[in-house]
Each structure stands twice: as C-alpha cells, then as structure tokens.
Amino acid sequence: GCILKHTLLLAPVEDKIWIVRAFAQDPQVLLTLAKSGRGKESVMLVLDVALEHGEQRVCESLAQHRDTLRASKVGRVVAERLDMALASRDPPCGREGVGSAELACTACMQEGHMYRDT
C-alpha cells in the first residue's frame, strides 16, 4: 500500500494511468487493498487518477463490490468515496479546474481546502 501510494503521488501522469489500467485488469487486488488500513489511501489515489483520466473500469469494478467494501470498517471509507465520485463531477471544495471528477480529491486534501456539503 505505501509503495503504491508514493508511486501514485510522485509518478508522471502517464505512469499513473498505466498503473490504474493494470488494476483494471485485476480489480480483486484493489478490493483487498481497500479493506486494509494502509491500502485504503492507495485505493483512493487510484480512484482519483481513474476518475481524472476517464478510466471508468476501475470505478465500475469496485462499484460491483460496494457491499463487500461496506462490510469492512476501512472499506466503508472507500465505498463512500466511490459513491460520492460516481454521483458528482464537481470537487467538494468548489475549486474550479481540479479535474473532471476528483471528488474529495487528493489535491484538495493536501492543500487543506474546505469541503462543502452536497
């Protein structure tokens, strides 16, 4: 989880997209990571990249396992993030130009933006 997280934070965009596409090939890995304490942050970064760059397969495959995610305390956070991301295309802070669908986006969290209730 930690190596993936740092790779997604530091890699060039092309590499991030390649990583997301690799997860789309085996979504079970993301599901397993989403239910682990350290892995959930990585999965949320994967979701950010997937949504920003139109890689919907990752989101769709995780969405098929919402019940499994919700059954896990840690996975519940990922399920909520996924639901928010699929329900809206605007960042919760109201910031313009963040990306096409970065709900609760990592950039907003890192910059300390205030979130609006939707």
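The shown structure was predicted, so the numbers you read here are calculated from the model rather than taken from an experiment. (Residues numbered from 1 in each chain as written. Predicted model: local features only at pLDDT ≥ 70, side-chain atom pairs only at ≥ 80, totals over all residues. Heavy atoms only, no water.)

Draft legend 1. Structural view of the overall build of the protein chain. A tally of helices and strands in the protein chain yields eight helices and zero strands. Listed N to C, the secondary structure of the protein chain is α-α-α-α-α-α-α-α in terms of helices and strands. Residue burial in the protein chain is summarised as follows: out of 118 residues, 42% are buried. A separation of at least 24 residues holds for 52% of the contacts in the protein chain among residues at least 6 apart in sequence. Looking at the protein chain as shown, the accessible area adds up to about 6,700 Å², and 52% of this sits on carbon and sulfur atoms. (Helix = DSSP H or I, 4+ residues; strand = E, 2+ residues; numbered from the N terminus. Buried < 20%, exposed > 50% of the residue type's maximum accessible area, 1.4 Å probe, protein only. Contact = heavy atoms within 4.5 Å. Areas by Shrake-Rupley, 256 points an atom, 1.4 Å probe, with all protein chains shown as cover.)

Draft legend 2. Highlighting helix α2 (residues 13-25). For α2, spanning 13 residues, the distance from its first C-alpha to its last is 19 Å, which sits close to the expected 18 Å at 1.5 Å a residue. Residues of α2 that are buried: Lys16, Ile17, Ile19, Val20, Phe23 and Ala24. Down the axis of α2, the buried set is contained in an arc of 160 degrees. They therefore lie on one face. Opposite the packed face of α2, turned more than 90 degrees from it, sit the exposed residues Glu14, Trp18 and Gln25. At its buried positions, α2 is contacted by α1 (2-10), α3 (27-34), α4 (39-52) and α5 (56-63). (Expected span 1.5 Å × (residues − 1). Arc of directions from axis to C-beta.)

Draft legend 3. How the structure looks around the environment of valine 13. In this structure, valine 13 sits in helix α2. Each C-alpha atom, one on valine 13 and one on valine 49, is 8.6 Å from the other, the two residues being 36 residues apart in sequence.

Draft legend 4. Structural view of the pattern of salt bridges. Here the structure, examined in full by the defined rule, presents five salt bridges. Between aspartate 48 and arginine 81 there is a salt bridge whose closest N-O contact spans 3.0 Å. On the criterion of sequence distance, the pair formed by aspartate 48 in helix α4 and arginine 81 in helix α7 (residues 73-87) is long-range, its members being 33 residues apart. A network of salt bridges, in which partner residues are shared, links Arg66, Arg70 and Asp83. (Salt bridge = Lys/Arg side-chain N within 4 Å of Asp/Glu carboxyl O.)

Draft legend 5. Looking closely at the nonpolar core. Ranked by internal contacts, the top residues of the largest apolar core, which has 27 residues, are Val46, Val58 and Leu62. Listed by contribution, the elements that provide at least two residues to this core are α1, α2, α3, α4, α5 and α7. A total of eight residues in this core trace back to one element, the largest contributor, which is α4. If we skip the residues at most four places from it in the chain, valine 58 touches Val20, Ala24, Leu30, Val46, Leu47 and Ala50. (Core = buried A, V, L, I, M, F, W, Y, C linked by side-chain atoms within 4.5 Å.)

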